Amino acid sequence: MGVALTRSAQWTAAGYGTGTLESTPLNEEILKEIIVFVEHFIYKYPHEAKFVFVEPLEWNTDLEPSAFESGYIVSETTVKSEEVDKNGQPLLLLSVPQIKVRSFGQLAHFLFIAKDTKLKEAQACIEGNRDPVVKILGSEFGEMKEDSMALNILNKISTDDDPENEIKMKIAILLKQLDLHLLNHSLKYISLQINLNPKTVKKDIELLQRFSGKGEQTVLESIEYTSDYEFTNGCRAPPWRQMYGEICYVLVKPHDVEALCITCSAEGVFLNGGKTDEEGDIDYERKGEVYKDLVTFLKEKSAVFSENMSRQENISNEEQKNQIEEVLTKEEAAVPQKAISSSDRLKKNHINFVKTQMSKRLEPSLNWRAKVDFKDKNLTKDSQEEKHGGKVEKSRTSISHGKVQLRKSVDKIEETISESSSESEEDEEQPDHRQEANADLPSEYWQIQKLVKYLKGGNQTATVIALCSMKDFNLAQETCQLAIRDVGGLEVLINLLDTDEVKCKIGSLKILKEISHNPQIRRNIVDLGGLPIMVNILDSPYKSLKCLAAETIANVAKFKRARRAVRQHGGITKLVALLDCAQNATEPAQSSLYETRDVEVARCGALALWSCSKSYSNKEAIRKAGGIPLLARLLKTSHENMLIPVVGTLQECASEENYRAAIKAERIIENLVKNLNSENEQLQEHCAMAIYQCAEDEETRDLVRLHGGLKPLASLLNNTKNKELLAAVTGAIWKCSISKENVIKFREYKAIETLVGLLTDQPEEVLVNVVGALGECCQEHENRVIVRRCGGIQPLVNLLVGINQALLVNVTKAVGACAVEPENMAIIDRLDGVRLLWSLLKNPHPDVKASAAWALCPCIENAKDAGEMVRSFVGGLELVVNLLKSDNKEVLASVCAAITNIAKDQENLAVITDHGVVPLLSKLANTNNDNLRRHLAEAVSRCCMWGRNRVAFGEHRAVAPLVRYLKSNDTNVHRATAQALYQLSEDADNCITMHENGAVKLLLDMVGSPDQELQEAAAGCISNIRRLALATEKARYT
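Residues numbered from 1 in each chain as written. Predicted model: local features only at pLDDT ≥ 70, side-chain atom pairs only at ≥ 80, totals over all residues. Heavy atoms only, no water.

Peer 1: Just checking my understanding: could you explain the overall build of the chain for this structure?
Peer 2: A count of helices and strands for the chain gives 58 helices and 11 strands. The buried share among the 1038 residues of the chain stands at 50%. A separation threshold of at least 6 residues defines the contact pool for the chain, and within that pool the share at least 24 residues apart is 69%. (Helix = DSSP H or I, 4+ residues; strand = E, 2+ residues; numbered from the N terminus. Buried < 20%, exposed > 50% of the residue type's maximum accessible area, 1.4 Å probe, protein only. Contact = heavy atoms within 4.5 Å.)

Peer 1: Explain helix α56 (residues 988-996) here, please?
Peer 2: The periodicity of an α-helix, 3.6 residues per turn, causes residues three or four places apart in sequence to face the same way. Taken together, the buried positions of α56 are occupied by Asn990, Cys991 and Met994. Viewed end-on, α56 has its buried residues packed into an arc of 105 degrees, placing them on one side of the element. Of the exposed residues in α56, those oriented more than 90 degrees away from the buried face are Asp989, His995 and Glu996. Looking at the residues trailing α56, positive phi occurs at Gly998, about 75 degrees. (Arc of directions from axis to C-beta.)

Peer 1: Help me understand the UniProt feature "coiled-coil region" (unreviewed entry) in the chain, please; the structure alone is not making it clear to me.
Peer 2: Mapped onto this numbering, the UniProt entry annotates "coiled-coil region" (unreviewed entry) at residues 662-689. For residues 662-689, the helix share is 75%, the strand share is 0%, and the end-to-end C-alpha distance is 17 Å. (UniProt positions renumbered as here; feature names shortened; annotations may be inferred.)

Peer 1: I'm lost on the pattern of salt bridges in this one. Help?
Peer 2: Opposite charge on two side chains permits them to pair, given that their charged atoms come into close proximity. Throughout the structure, instances matching the rule amount to 39 salt bridges. Lys202 is paired through a salt bridge with Glu230; the nearest N and O atoms lie 3.6 Å apart. Of this pair, Lys202 sits in helix α8 (residues 198-210) while Glu230 is found in the loop between β6 (222-225) and α9 (239-242), placing the two residues 28 residues apart along the sequence. Overall, Glu230 belongs to the partly exposed group, its relative accessible area being 31%. In this structure, Asp539 engages Lys574 in a salt bridge whose closest nitrogen and oxygen atoms are separated by 2.9 Å. Taken as a pair, Asp539 in the loop between α23 (530-537) and α24 (543-556) and Lys574 in helix α26 (residues 571-579) lie far apart in primary sequence, 35 residues in all. Within the structure, one salt-bridge network assembled from shared partners comprises Lys513, Glu551, Glu600 and Arg603. (Salt bridge = Lys/Arg side-chain N within 4 Å of Asp/Glu carboxyl O.)

Peer 1: Got a minute to help me understand empty space enclosed by the protein in this structure?
Peer 2: Where empty space is left can be seen by rolling a probe of water-molecule size over the atoms. For the structure shown, the criterion picks out seven cavities of 30 Å³ or more. Estimates place the volume of the second largest cavity at around 220 Å³. For the second largest cavity, the lining is made up of 20 residues, of which Ile34, Val38, Leu107, Cys125 and Ile126 are closest to its centre. Elements that contribute at least two residues to the lining of the second largest cavity include exactly α2 (25-44), β1 (57-60), α3 (104-114), α4 (118-128), α5 (132-137) and α7 (163-192). Residue composition of the lining of the second largest cavity, by class: 18 nonpolar, one polar and one charged. (1 Å grid on protein atoms, 1.4 Å probe; cavity = no way out; pocket = protein on both sides within 12 Å on 5 of 7 lines; lining within 4 Å. Points joined across faces, edges and corners; volume = space filled by probe spheres on them. Nonpolar A, V, L, I, M, F, W, Y, C, P; charged D, E, K, R; others polar.)

Peer 1: Would you explain the environment of Lys214 in this entry?
Peer 2: With respect to the helices and strands, the residue Lys214 is situated in the loop between α8 and β6. Among the residues examined, Lys214 registers a relative accessible area of 71% and is labelled exposed.

Peer 1: Can you help me understand the confidence of the model for the chain in this one?
Peer 2: Mean pLDDT over the chain: 80, with 81% of residues reaching 70 or higher. Within the chain, no element has a lower average pLDDT than helix α13 (residues 353-360), which sits at 35, and none a higher one than helix α49 (residues 889-902), at 94. Below a pLDDT of 50 lies the segment residues 13-17, which in the model reaches five contacts outside its immediate sequence neighbourhood of four places, other chains included. Segment residues 143-151: pLDDT under 50, and nine contacts once partners within four positions in sequence are set aside and those in other chains are kept. (pLDDT = per-residue confidence, 0-100.)

Peer 1: How should I be thinking about the sheet that holds strand β2 (residues 72-74) in this particular structure?
Peer 2: Each strand in a sheet pairs with its neighbour through backbone hydrogen bonds, running either in the same direction (parallel) or in the opposite one (antiparallel). The strand order β1-β5-β4-β3-β2 describes an open sheet built from five strands, whose pairing is antiparallel. The open sheet terminates on both sides in strands that have one partner only, identified here as β1 and β2. Going from strand to strand, the sheet's axes swing by 10 degrees on average, the running direction of each strand aside. (Pairing = 2+ DSSP bridges. Axes fitted to C-alpha atoms, helices over the stretch in contact; angles between N-to-C directions.)

Peer 1: I keep staring at the pairing of strand β3 (residues 78-81) and nothing clicks. Help me out?
Peer 2: Within a regular strand, the side chains alternate between the two sheet faces. Taking every second residue as pointing to the same face, the buried face of β3 carries Val79 and Ser81, while none of Thr78 and Lys80 on the other face is buried. What sits between β2 and β3 in their antiparallel hairpin is a turn of three residues. Sheet analysis places β3 next to strand β4 (residues 92-95), joined by three bridges and oriented antiparallel. Residue pairing in the sheet places Lys80 in a bridge with Leu93 of β4.

Peer 1: I would appreciate a short explanation of the packing of aromatic side chains in the present structure.
Peer 2: Within a pair of aromatic rings, the relevant descriptors are the distance that separates the centres and the angle that separates the planes. This structure, assessed with the given rule, holds 12 aromatic pairs. The interplanar angle of 70 degrees and the centroid separation of 5.2 Å between the aromatic rings of Phe68 and Tyr72 together place this pair among those described as edge-to-face. Tyr72 gets classed as buried once you look at its relative accessible area, which sits at 11%. Taking the centre distance of 5.0 Å and the plane angle of 90 degrees together, the rings of Tyr229 and Phe231 count as edge-to-face. Among the aromatic residues, ring-to-ring pairing joins Phe37, Phe41, Tyr45, Phe53 and Phe104 into one connected group. Over the ring of Trp734 we find Lys735; its NZ or CZ atom is 4.2 Å from the centre of that ring. (Phe/Tyr/Trp six-rings, centres within 6.5 Å; stacked < 30°, edge-to-face > 60°. Lys NZ or Arg CZ within 6 Å of the ring centre and 35° of its normal.)

Peer 1: How do you make sense of the sheet that holds strand β7 (residues 246-253) when you look at a structure like this?
Peer 2: A sheet is described by the order of its strands in space; here four strands give the open sequence β6-β7-β8-β9, paired in antiparallel fashion. Edge strands, defined here as strands with exactly one partner in the open sheet, are β6 and β9 (268-271). Sheet twist, expressed as the mean angle between neighbouring strand axes with direction ignored, is 25 degrees. Strand direction decides the pairing type here: strand β8 (residues 260-265) and β9, joined by four bridges, are antiparallel. Bridge pairing in β9 places Ile262 opposite Leu271. Each of β6, β7, β8 and β9 touches helix α10 (residues 294-301); the most contacted strand, β8, lies at about 150 degrees to it.

Peer 1: I tried to follow the environment of Val801 on my own but got confused; where do I start?
Peer 2: Tracing the sequence through the fold places Val801 in the loop between α42 (793-798) and α43 (805-818). For Val801, a relative accessible area of 58% corresponds to the exposed category. Put simply, Val801 and Ser839 are 38 residues apart on the chain and 9.4 Å apart in space, counted from C-alpha to C-alpha.

Peer 1: How do you make sense of unusual backbone geometry when you look at a structure like this?
Peer 2: Leaving glycine aside, a negative phi is the common case for residues, and trans is the common case for peptide bonds. Of note, the bond from Val96 into Pro97 is cis; its omega dihedral lies within 30 degrees of zero at 5 degrees. Residue position: Pro97 is located in the loop between β4 and β5 (98-101). Of note, the phi angle at Lys750 is positive, near 60 degrees, even though the residue is not glycine. Secondary-structure assignment places Lys750 in the loop between α38 (740-748) and α39 (751-757).

Peer 1: I keep staring at helix α52 (residues 930-943) and nothing clicks. Help me out?
Peer 2: Compared with an ideal rise of 1.5 Å per residue, which puts 14 residues at 20 Å, α52 spans 20 Å between its outermost C-alpha atoms and is within 8% of the ideal. Among all positions of α52, only Leu932, Arg933, His935, Leu936, Ala937, Ala939, Val940, Ser941 and Cys943 are buried. N-cap assignment for α52: the residue whose side-chain oxygen lies 3.0 Å from the backbone N of Asn931 is Asn929. (Expected span 1.5 Å × (residues − 1). Polar contact = N/O pair within 3.5 Å; in protein donor to acceptor, adjacent residues only side chain to side chain.)

Peer 1: Could you clarify how one ought to interpret the nonpolar core in this entry?
Peer 2: Soluble, globular proteins show a tendency: their nonpolar side chains are buried together. Counting residues in hydrophobic clusters, the biggest one holds 215 residues, and the most contacted among them are Trp838 and Ile912. In this view, Trp838 contacts Leu856, Ile860, Val870, Phe873, Gly876, Leu877, Leu879, Val880 and Ile902; residues no more than four positions away in its chain are not counted. Val101, Ile126, Ile171 and Leu178 belong to the second-largest nonpolar core, a separate cluster that totals 43 residues. (Core = buried A, V, L, I, M, F, W, Y, C linked by side-chain atoms within 4.5 Å.)

Peer 1: Any chance you could explain the packing of α52 against helix α55 (residues 971-984) here in plain terms?
Peer 2: Two quantities define a packed helix pair, namely the angle between the helix axes and the distance between the axes. In the contact formed by α52 and α55, the axes pass within 8 Å of each other and the chain directions differ by 30 degrees. As far as their axial angle goes, α55 and α52 are roughly parallel. Judged by the twist between their axes, the crossing of α52 over α55 is left-handed. When α52 is examined against α55, the residues Asp930, Arg933, Arg934, Ala937, Glu938, Val940 and Ser941 are found in contact with a partner set consisting of Asn972, Val973, Ala976, Thr977, Gln979, Ala980, Gln983 and Leu984. (Parallel < 35°, antiparallel > 145°, perpendicular 65-115°, else oblique. Left-handed = near helix turned anticlockwise from the far one by under 90°.)

Peer 1: For this particular structure, what's the right way to read the side chain of Ser678?
Peer 2: Note on placement: Ser678 falls in the loop between α33 (668-675) and α34 (681-694). Not counting residues within four places of it along the chain, the set of residues in contact with Ser678 comprises Glu640, Leu683 and Gln684.

This is the structure we're talking about:
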């Protein structure tokens, strides 16, 4: 903790021991993490929480003694904790204003009491105790003595039975972990920190001013600076505010909301307090979250602005797309000429090769640290570029330099939109390993280098003999592969591909096919322009040459640049044509397909397409070239060697919606299901993965069931040794379980019991799918009973402590589904599952937060004493209310649903009201998302049942937006909104607002709804509005 506070926290320049923490977002983040650590300490480590500090933590507090209640002895100016140490001294002592705390348990209680001021108190504590570790554990635990401290404590533990030393060591380790967490959190925050500058802000404001004014098409009514004076540095903020990074202040009037006063600073854009009524000065205090720029801020605050901006962006995107297509059309027209120039240069290199190379180096140089040639530098650069997002590579030695700049701009756009996420795993190439000069090399290394010399200088016969001799070596061995490369053998082998001698081509391709399994050699082949030549060989009349060229392409096309090169030189179309080799034969297609050579050609073509299909552009090229019908036909063969690459290609392509539609049209699902019964595990794995990709579609899920695919999937769950197969099968079962009919079948095949057995001792990729499948299955009562009977609740709850985002999303859904049963809920509560779900609301991933909040709804609904359970979580209700400030619509909807259930208890409703739930719910009212509308309306309806919340909703202008919800097409939204309006209509001012916004006419239509709840709520609301109108009339005439 000391390192983080010293290096990451931002202190004023007052010096060590007297400085204060600056008011910056980074410091706020650090303080929040420390607060979370302390609040959770008492639950995670209850024994350590009772440990008495060596010295108390002291600071000046703003809390009054009256804030302390049970557990404390309170007087007018002092507070003492009832909890004392072994000497009878209180663990918390407050003598206004100074406070002394001597245990983590008391620290946690103090933060709970502080409530809204806990951030301020934490800051004061840190400022007053600059080295808290020493005060907590003693001077021997100081930062400078950290290494010797660990040895001293270990020595004490081994020689002394005092349990206090063991507790000290554990707390020291926990504080060290907190320190590392704070450092990592700070680094992550700094890396994401926004740095706006006056020039950027000015450009954004000028652009928005151009599109502002009266009229429906404009993005804003107006936008203007609060100050006309611009300083020389471009800022308009006063100098004393520029010290805080603030640039300027703007007044913005959107079409659909009130005027906003906005601060633009180096850290981002946020809403300030606006201009004061008296003097017109600006209230500089931040009133909301910080956004990355002005446009993002306004999109969040104004629905009209967001809609009109989207329209402008679509127009801009269409223009950009047209420009890109024009550039690509011109570039593709130049590709054949580029390939020809590459081929001519290779021929010239072959003629002069002996003179240049043999005179240059008769023996290979192994001192690679001293000598690195151009292509190795290029190799390193490519590795770095492709690991950082696939940046465009520099000009290669085998391609002319005439259009490098054009290619850069086009490829950068293309790579951004075309490369799929499935590439990342295979694109992680190993670094280039060179042999050291003093390494002990085997004799094969030198023998291969001699053969390469014969290749360079020999005639045709000598070349063929040298190739045959080289093939006899173990080319799978890395030493042999590098020997060929080190002496310049790759250049010779690629040059041989451009000759007219078939034997030389075959010999060269056989060697290249073997050595191209090496990641570095793959890149060398691409650098030397080998791929265009191999693509041309695919047109050869010799089937053996086609096979070898396709297999080599399959090995080389393992990274983005290689896959792109294959596509740009027309390789995709030619590879697809190899799948159709049977139609070029004189015999009938069905009998010719199974001839050995034709099958081998098709197999090699499928193998190459499998490697190339990891890029979106290549997938589209395969589809446009007519690859799907040919793959579907090959899928009917009984040759397993053929089926594996065919299914592998389909599996990669099935991630795209166009392919999934085509797969259904070609009736491929039937054959995928058929091959699930194969004895080849690799084939089974790829078939299951293809079903997993396709089963996103309901019709596909039905086809899997109709063709009998569910039973083999269920039986394959028993093969727990092959983890890759198990991951694919569980993934397919998960997606198929989305359909209720499939769940019934899985229950018949006893798959649910097997899935429960897989909840332990499995890798995360399997667990994600298993838990996902159980989450879908547990939507039905019978399956929830099965899970409980098989002991599945406990392993599910145990998985709530993981860190894998996908796993947490699925396991929270599964636990929430199980909690619908009261018996299951009792087990979840006993295992502390609700607390674990509540803690996941602090997870940084929005999907996890949302899933956890959804899961809490059935937990609260079915818990035995739900109100007391919710209140037992320290700071839990405040956490839920604060989540209403999120930007994620799913998080907001799920939290509103949770608040609806929490508010059923009057005490909890009172607490969340004190935490400001009403204004936060009111701010969300202007939304177009029907899912959020429904749950927001339900939450408003529940919250109206406390105090003057009905009036408060009216004061915060939540009523008018709610009336607009009645125009939605969703019946669930209508029901929830009518119930909310019925509750709000108990207040006269709200009735007036509803009447002014046309609620009566909309509610009258809903009185005739078949939904009884909607009928009653609509009629009740109209009744209240009418009563008010009658009372007004009566008052007027009397």
